[in-house]
Amino acid sequence: SQGHGSMRSVRSVQKGEEPALGSGVFETVLIEASLQLDGAHVGVCQLGVADSCKAVAARFVADHSLKPCFEAPLAEYLLVLEAESDEFPVFVSEDLGELRTQCRAHTDQAAP
């Protein structure tokens, strides 16, 4: 049980539909996650074809000055999305509070 299905909303680009961004770079994006940060702030995390989930998670955590313990759960979340998706790009919206719960559980499991 991955535990991710109930907390995400996923929308794939339909055939003939153009993504909001018109650059060629966008064509290499597999996953674009809009993550609700504290308050009204939303951070966008993009996973490209040449990216590793771990590196993208680390960059997102650093760019948004998040606690390092968010890195592993975010990387796992991206990995599961990539594995479960049949069509790309995939657009998801996630409340970072849900990842905080996973972050705490991950930290508790890592404790001796």
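Keep in mind it's a predicted model, so treat the numbers as computed, not measured.

(A) Structural view of the overall build of the protein. Of the regular secondary structure elements, the protein holds three helices and four strands. Counting from the amino terminus, the protein carries its helices and strands in the arrangement β-β-β-α-α-β-α. Put simply, the protein has 112 residues, and 35% of those count as buried. Of the roughly 6900 Å² that the protein leaves accessible, carbon and sulfur atoms contribute 51%.

(B) Quick peek at the packing of helix 1 (residues 53–63) against helix 2 (residues 71–84). At a minimum axis distance of 8 Å, the contact between helix 1 and helix 2 shows a crossing angle of 135°. Compared by their axis directions, helix 1 and helix 2 come out oblique. Handedness of the crossing formed by helix 1 with helix 2: right-handed. Residues C53, K54, V56, A57, A58, F60 and V61 of helix 1 lie in contact with helix 2, whose contacting residues are E71, L74, A75, L78, L79 and E82. Of the residues that constitute the contact of helix 1 with helix 2, the class distribution is ten nonpolar, no polar and three charged.

Conventions used here
Residues numbered from 1 in each chain as written. Predicted model: local features only at pLDDT ≥ 70, side-chain atom pairs only at ≥ 80, totals over all residues. Heavy atoms only, no water. Helix = DSSP H or I, 4+ residues; strand = E, 2+ residues; numbered from the N terminus. Buried < 20%, exposed > 50% of the residue type's maximum accessible area, 1.4 Å probe, protein only. Areas by Shrake-Rupley, 256 points an atom, 1.4 Å probe, with all protein chains shown as cover. Axes fitted to C-alpha atoms, helices over the stretch in contact; angles between N-to-C directions. Parallel < 35°, antiparallel > 145°, perpendicular 65-115°, else oblique. Left-handed = near helix turned anticlockwise from the far one by under 90°. Contact = heavy atoms within 4.5 Å. Nonpolar A, V, L, I, M, F, W, Y, C, P; charged D, E, K, R; others polar.

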